[in-house]
Amino acid sequence: MQTSNLIIALLVMSALAYFFGYQRSRGFARQLGGVSNLHSLPTYYGMRVALWCGLPSVLLLFVCLAFEETIISKMLLSGIPDEIRPTSIAEYNLLMNKIENLASGALSSEGVKPALLDAAAALGYLRDMSQRLLTGLAMLVAGGGGFWGWWRMSAQLRARQQVEKIFKGFLLLCASLAIFTTLGILLSVIFESVRFFQQVPISEFLFGLEWSPQTAIRPDQVGGSGSFGAVPLFLGTMLISFIAMTVAVPAGLMSAIYLAEYAGSKVRSFVKPALEILAGVPTVVYGYFAALTVAPLIRDTGTSMGLSVTSESALAAGLVMGIMIIPFISSLADDVINAVPQTMRDGSLALGATHSETIKQVIIPAALPGIVGGVLLAVSRAIGETMIVVMAAGLAANLTVNPLDTVTTVTVQIVTLLVGDQEFDSAKTLSAFALGLMLFLVTLGLNYIALRVVKKYREQYE
Amino acid sequence: MSALTMNLTATASEENSFDSAPEQTVVEDTVGFPLVDDPKIRARNASVFYGDKQAIFNIDLDIGKHEVIAMIGPSGCGKSTFLRTINRMNDTVDGCRVSGEFLLEEDNIYGSKMDVVELRARVGMVFQKPNPFPKSIFDNVAYGPKIHGLAGSRVELDEIVENSLKRAGLWAEVKDRLQQPGTGLSGGQQQRLCIARAISISPEVILMDEPCSALDPIATARIEELIAELAENYTIVIVTHSMQQAARVSHRTAYFHLGKLVEVNETEKVFTTPEHKLTEAYITGRFG
Amino acid sequence: MSKSSKPNATTERIRQTLAKRYRAEKRFRLYGVVAILFGLLCVATLFVDIIGKGHGAFRQTYIQLSVDYDADILGISDINDAQQLALADFSGLVKKSLRTRFSDVSGRKDKRQLYRLVSNSAEYDLTDRLKTAPALLGQSEKRWVLADDDIDTYFKSLNSSDGAFVGRTSEKQQQWVQSLIDAGQIELRFNSQFFSNGDSREPEQAGIGGAIVGSLFTLFITLALSFPIGVAAAVYLEEFAPKNRWTDFIEVNINNLAAVPSIIFGLLGLAIFINFFHVPRSVPVIGGLVLAVMTLPTIIISSRAAIKAVPPSIREAGIGIGASPVQVVLHHVLPLALPGMLTGTIIGMAQALGETAPLLMIGMVAFIVDVPGGFTDPATVLPVQIFLWADSPERAFVEKTSAAIMVLLAFLITMNTFAVILRKRLERRW
């Protein structure tokens, strides 16, 4: 049976189990003279039996599915003669692909080693077997569980508590997914990063000044062995983020101040949603805007002033990224400014301060932690922003701080290295995960600090 | 009381007919003596509206020089609103409109020539809840002189801060920790800091909006002493919920009821032999 | 009123500073106005730029040909023989029609240019036509066929103020276009293929149909996973979570994940889902999985806010009549919090719909011509399609890209407006 069909079958069995459990509790109720003599409502008895039927079997199914492939390939490998046994991960992947294609008929069997043909046949057989085994096992568990649940029923059974306990367990599991996600991210980047750092020393990665990840595919090939000094990427990322922040912080902050302190409710109700449109525009649209409109504009303006500007200047990407971040800063700043108690404003105004003096010398200092937190979050966004730089910044890893030059960023390199075919043993591909690890750690640090600062700030005025 | 010359002869009704606004007939006349000679602040036919709602109804009141006048009355009676008209703090409230004549000595508070910055520098204010800025103690007091450019040098500024803190009776307690945040002080200290902040720019009038409502009795007693000392140099208008406090600190007491000024009299008189039934009912605790 | 009262020294000094301070006040206000105008200008520029570039793509150039369904050219003897029809030379038919229309064209080079007036989809169009109307064999009819993208770009630019965009069109082709214009045999028609077709290397045939369907499949997976899980997590954290380290840790994780760069989720998808769990790449399932993980924090945070807004008195009332905490949550709190949760979910879905970066890592960036038919068919999504087209060198793709952006923005604006309306309609004030 196919997996999807099997799942449907298990659901049907659970529904049946619900029905039987419900009926049986009704039977108890009739004997005792009414539902009120049962511990729980009949639906809870039904649900309890359904859970006994469905939960263990589905869990079993998922566990088996997760390990099925690994086990099958282990078994296949053990049957393969030593002379073609793979020695590296690349060879292994190649071999597995070949067997896979032979089995599915995508590769013709002509001139293929008989050992491989055997393996392909074995693969088909093993797949078939495991599918049957799984179907049988799951059905057995479902039937057995359902029967057990049904058989152990009694009128005194605390069915509601049991069902609710499982329900709460499910809720806890869902909430804990956030932790598993973080763990998954960490594992996925750390695992590959460690492999990368076995090939390239970590000091070279962190402090090397040259980045050209093209490595020779075969050892006998001529050509660069690749250099993995990530400093140009870090510098490029910082340059573009810096340009973005010089646009976004003043514009975002001043518009937030104006909206919170000066604007009447009419202006506010029009301008705020209008600015929030900027926040809803997908980054790919900004990337397109930067690459096709802003970059040529800057290049032409620069050329007419006698400057040499590349068509993939850091300035274009940074500028557009800044525009993207304006509403982010403005809405965060708006929140923190509004959180400053009115008594602060009154105190300053009553001393004869003008409105701008009050804002500059009382409100902004009071809101500063919140504003700093917001800006840090914005920096973290700028560093992690991908599409704008992929489309508008270049690939050339220049070590420069000239905004009119082309620079590349961490995210651009991750995308470039991982889009298309990947070999998971070359330093080139693995370096993307090392960059991902850096990106994750830096943004995590920034977010953590920023969120703490903002939380502290909120508590101060609550 | 010697500095005050009560205009004992002028009754409220005579004054009202003098101004003769038509709708005034519906307003209950103020009893006692609301008017004085050569007042610091003069309010005539004062009304305040929030949108369509009228919060203050045609009030006539004079506040004398170096007088401490207390405003009492049940919640929502308009006493705080009236207080905030004097330094135009109501300007910041959306939809608030003020009518009538308000004079600070000879200057029209709501006149086109009156600059609100200058007005508020001349009429200081202390709020219900202590609201020190999130700055150091020194900077809290130095804020006013700094923005108004009153200190020519650092030495002068130090002097102003020290004097203000001394007059607010806080100097001894904070002189060794001037650079620590003002928000770290106790409630009573914070309120005295706010008073120091208010007097740092040498105002002529200090408005106090229930300055002790957030304080414990001991801190309250300190502030009340301070008010008595400050009265030598400033005109003080204090809104209070506590009749005892009004009785302790003020020279005259004004009783507000539902946006109307019911009675103004010497404090002793208000609390011993009130002229108006409503005043009597309020001070004897029949409502509040 | 005259200033008769002598101002004291303090007032005098303050008065001297006033002019300067009011200038500063004005300047400061001006900065605010400038900042807001800058923001609004950016919005306006963005929209004007994209609409200006993209509006043309909704109409496409068509050329009218007199097609003679000549059985000899086609090489068909039996119209009902499917194999003959499949092998028939429809491209020769198109060429013949063009040669007939411009009979003075001779020479291989010129003829090749002539054939490039129409899109190579013209022959498929004629194939379908003859399949549906077999009686046409041996007959002739006038038929509008799609023009080539270069001709399309040139024809559309003829009336523009910047002058015609010649591009790759030759002078001869321009003359032919003029001749077609004079004869009324070339015109712009509504481009329905743009909404129904998948991607193509030929700009005039490329459409966003495949990408839209791919986006819908992907979003469905995202919604099916993230909404129940997000709501369940929010309910746990707000209603049942004990105050302990684990709960705190969950909260810290959720808040941090909400701010982790989206590309990191792409790495997660690649390393965990594809390389470890062997989920196939380039399909809506993997895209939906990654986007679900990405939008979960948004949904959890907004759902928590919605649950928090339900006043405790409701819970107390439920508990008071003997309902268990789980029953109170399911029967009372959730229904009341649902509008707020839905609003947050729609906003999260809008976010997922516009997301590109993580999908690049998991192979959604492949060139896919067919419109996907299910959750496990190779697919791409709208923003990735925009990214792919933006990279294409053909001039005609600029127009397509902008048009695709317009469609994407229309979707997003609709979703966000819907969320706002939902919030306004169903919001309760306690």
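Residues numbered from 1 in each chain as written. Chains lettered and ligands numbered in written order. Predicted model: local features only at pLDDT ≥ 70, side-chain atom pairs only at ≥ 80, totals over all residues. Heavy atoms only, no water.

A.B. asks: Residues and numbers for the overall build of chain A, please.
C.D. replies: When helices and strands are tallied, chain A shows 15 helices and 2 strands. Its C-alpha radius of gyration of 31 Å places chain A more than 25% over the 23 Å reference for a compact globule of 462 residues. For chain A, the spread of C-alpha atoms along the three principal axes comes to 85 × 75 × 35 Å. For chain A, the share of sequence-separated contacts (at least 6 apart) that also reach a separation of at least 24 residues comes to 73%. Positive and negative charge centroids in chain A, built from 29 and 29 side chains respectively, lie 17 Å apart. (Helix = DSSP H or I, 4+ residues; strand = E, 2+ residues; numbered from the N terminus. Rg over C-alpha atoms; globule rule 2.2 N^0.38 Å. Contact = heavy atoms within 4.5 Å. Lys, Arg positive; Asp, Glu negative; His and termini not counted. Charge placed at Lys NZ, Arg CZ, Asp CG, Glu CD.)

A.B. asks: Got a sec to walk through the overall build of chain C? Specific residues and values, please.
C.D. replies: Across its full length, chain C carries 18 helices and 3 strands. Counting only C-alpha atoms, chain C reaches 100 × 75 × 40 Å along its principal axes. Taken across its 430 residues, chain C has 52% of its residues classed as buried. For chain C, the proportion of contacts with a sequence separation of at least 24, taken over those separated by at least 6, is 76%. Here chain C contributes 43 positively and 38 negatively charged side chains, and the mean placements of these two sets differ by 15 Å. (Buried < 20%, exposed > 50% of the residue type's maximum accessible area, 1.4 Å probe, protein only.)

A.B. asks: Requested: an account of the packing of aromatic side chains, with residues and values cited.
C.D. replies: Residues and elements named next belong to chain A. Taken as a whole, this structure holds 27 aromatic pairs over all chains when the rule is applied. Residues Y18 and Y22 carry aromatic rings whose centres are separated by 6.1 Å and whose planes lie at 25° to one another, so their mutual orientation is stacked. In this pair, Y18 and Y22 both sit in helix α1 (residues 3-32), 4 residues apart, roughly one turn of the helix. Residue classification places Y18 among the partly exposed residues on the basis of a relative accessible area of 30%. In this structure an aromatic cluster arises from ring pairing among F196, F197, F205, W211, F228 and F234. (Phe/Tyr/Trp six-rings, centres within 6.5 Å; stacked < 30°, edge-to-face > 60°.)

A.B. asks: Tell me about the domain arrangement of chain C, and name the residues and values.
C.D. replies: Residue and element names in this part refer to chain C. According to the domain assignment, chain C contains domain 1 (9-55), domain 2 (59-195) and domain 3 (209-426). On a C-alpha basis, the centroid separation for the pair domain 1 and domain 3 is 38 Å. Interface area, domain 1 with domain 3, both sides summed: about 540 Å², of which 84% is carbon and sulfur. Contact with domain 3 buries surface across domain 1, with I50, K53 and G54 losing the most and accounting together for 70% of the total. Viewed at the interface, domain 3 and domain 1 are joined by 0 salt bridges. Applying the counting rule to domain 1 against domain 3 returns 0 residue pairs in polar contact (both at pLDDT 80 or more). Grouping the amino acids of the side of domain 1 that touches domain 3 by side-chain chemistry returns 3 nonpolar, 2 polar and 1 charged. (Domains from an automatic or database assignment. Buried area = accessible area lost by both parts, 1.4 Å probe. Salt bridge = Lys/Arg side-chain N within 4 Å of Asp/Glu carboxyl O. Polar contact = N/O pair within 3.5 Å; in protein donor to acceptor, adjacent residues only side chain to side chain. Nonpolar A, V, L, I, M, F, W, Y, C, P; charged D, E, K, R; others polar.)

A.B. asks: Go over the interface of chain C and chain B with me, naming the residues and quoting the values.
C.D. replies: Between chain C and chain B, the residue contacts involve 15 residues of the former and 22 residues of the latter. Buried area between chain C and chain B, both sides added, is near 1600 Å², and the carbon and sulfur share of it is 48%. For the interface between chain C and chain B, the tally reads 2 salt bridges. For the salt bridge of E118(B) with R15(C), the shortest nitrogen-to-oxygen distance reads 2.7 Å. On inspection of chain C and its partner chain B, the count reaches 5 residue pairs in polar contact (both at pLDDT 80 or more). For the side of chain C that touches chain B, the class distribution of residues is 4 nonpolar, 7 polar and 4 charged.

A.B. asks: Tell me what's going on with the pairing of strand β2 (residues 41-50) of chain B, and back it up with residues and numbers.
C.D. replies: Residues and elements named next belong to chain B. For β2, the tally of buried residues reaches 7 of 10 residues, placing the bulk of the element in the interior. Bridge analysis of β2 against strand β3 (residues 53-63) gives 7 bridges, and the strand direction is antiparallel. Within the sheet, the bridge partner assigned to I41 lies in β3 and is I63. Joining the antiparallel neighbours β2 and β3 is a turn of 2 residues, in which G51 adopts a positive phi near 65°. The sheet contact formed by β2 and strand β5 (residues 96-104) spans 8 bridges and is antiparallel. Paired with V48 across the two strands is V98, which belongs to β5. (Pairing = 2+ DSSP bridges.)

A.B. asks: How would you sum up the interface of chain A and chain C? Please name residues and give values.
C.D. replies: If you look at the interface, chain A gives 79 residues, while chain C gives 76 residues. Between chain A and chain C the total buried area reaches about 6600 Å² when both faces are included, carbon and sulfur atoms providing 79% of it. Run the count over chain A and chain C and you get 1 salt bridge. The closest approach of N and O atoms between E357(A) and R21(C), which form a salt bridge, is 2.7 Å. For the pair chain A and chain C, the number of links is 15 residue pairs in polar contact (both at pLDDT 80 or more). The dominant element in the side of chain A that touches chain C, judged by the number of residues it contributes, is helix α5 (residues 159-199) of chain A, at 19 residues.

A.B. asks: Hey, could you go over the nonpolar core for me, with residue numbers and the actual values?
C.D. replies: If you look at the biggest cluster of nonpolar residues, it comprises 159 residues, and the most contacted ones within it are Y286(A), M321(A), I414(A) and F265(C). Filtering out sequence-adjacent residues up to four positions away, M321(A) remains in contact with I240(A), A244(A), A382(A), E385(A), I388(A) and V389(A). Within the second largest apolar cluster, 42 residues are counted, among which are L157(B), L215(B), A219(B) and L230(B). (Core = buried A, V, L, I, M, F, W, Y, C linked by side-chain atoms within 4.5 Å.)

A.B. asks: Any details on the environment of E229(B)? Residues and values, ideally.
C.D. replies: Position of E229(B) relative to the elements: it lies in helix α8 (residues 217-230). Taking C-alpha positions, E229(B) is 8.4 Å from R167(B), a pair spaced 62 residues apart along the chain.

A.B. asks: Go over the packing of helix α12 (residues 355-384) of chain A against helix α15 (residues 427-460) of chain A with me, naming the residues and quoting the values.
C.D. replies: Residue and element names in this part refer to chain A. Across the interface, α12 lies against α15 with an axial gap of 8 Å and an inter-helix angle of 160°. Relative to α15, the element α12 lies roughly antiparallel. Taken as a pair, α12 and α15 cross one another with a handedness that is left-handed. Taken together, the residues of α15 that come into contact with α12 (itself represented by A366, A367, P369, G370, G373, G374, L376, L377, V379, S380, I383 and G384) are L439, V442, T443, L446, N447, I449, A450, V453, V454 and Y457. Class assignment of the residues belonging to the contact of α12 with α15 gives a composition of 15 nonpolar, 7 polar and no charged. (Axes fitted to C-alpha atoms, helices over the stretch in contact; angles between N-to-C directions. Parallel < 35°, antiparallel > 145°, perpendicular 65-115°, else oblique. Left-handed = near helix turned anticlockwise from the far one by under 90°.)

A.B. asks: Account for helix α4 (residues 137-148) of chain B, with residues named and values stated.
C.D. replies: Residues and elements named next belong to chain B. Across the 12 residues of α4, 10 count as buried, placing the element largely inside the fold. Those residues of α4 that fall on the buried side of the exposure criterion are I137, F138, N140, V141, A142, Y143, G144, P145, I147 and H148. Immediately beyond the C-terminal end of α4, within one or two residues, lies G149, with a positive phi of roughly 65°.

A.B. asks: So, the sheet that holds strand β4 (residues 68-72) of chain B: which residues are in play, and what are the values?
C.D. replies: Residues and elements named next belong to chain B. Across the sheet, 7 strands lie side by side as β1-β11-β10-β4-β9-β8-β7; this open sheet has mixed pairing. Across the chains shown, the open sheet's two edge strands, defined by having one partner strand only, are β1 (31-32) and β7 (123-126). Where β1 and strand β11 (residues 260-266) come together, 2 bridges link them in parallel fashion. Along β11, the bridge assignment pairs V31 with E263. Across the sheet, helix α2 (residues 79-86) is in contact with β4, β7, β8 (205-209), β9 (235-239) and β10 (252-257); its angle to β8 comes to roughly 150°.

A.B. asks: Can you lay out the sheet that holds strand β1 (residues 59-68) of chain C for me, pointing to particular residues and giving the numbers?
C.D. replies: Residues and elements named next belong to chain C. Reading across the sheet, the 3 strands line up as β2-β1-β3 and stay open at both edges, with antiparallel pairing between neighbours. Strands with a single pairing partner mark the edges of an open sheet, and in this sheet they are β2 (140-146) and β3 (186-190). Put simply, the sheet's adjacent strands are angled 40° from each other on average, direction ignored. By the bridge criterion, 7 bridges tie β1 to β2 in an arrangement that is antiparallel. By the bridge assignment, Q64 is partnered in β2 with W144.

A.B. asks: Explain the confidence of the model for chain C residue by residue, including any values.
C.D. replies: For chain C, mean pLDDT is 88; residues scoring 70 or higher make up 97% of the total. For residues 1-5 of chain C, every residue scores under 50 in pLDDT, and the model assigns this stretch 15 contacts once sequence neighbours within four places are set aside. (pLDDT = per-residue confidence, 0-100.)

A.B. asks: Account for the pairing of β7(B), naming residues and giving values.
C.D. replies: All names here are of chain B. Of the two faces of β7, the one lined by V123 and M125 and the one lined by G124 and V126 are each fully buried. Pairing of β7 with β8, which is carried by 4 bridges, proceeds in the parallel orientation. Bridge pairing in β8 links V126 to M208.

A.B. asks: Pulling in residues and values, what's your account of the environment of A251(A)?
C.D. replies: Looking at the secondary structure, you find A251(A) in helix α7 (residues 231-262). We classify A251(A) as buried; its relative accessible area is 8%. A251(A) sits 76 residues away from P327(A) along the chain, and the two C-alpha atoms are 9.1 Å apart. Ignoring sequence-local partners within four residues, the contact set of A251(A) consists of I326(A), A35(C) and F38(C).

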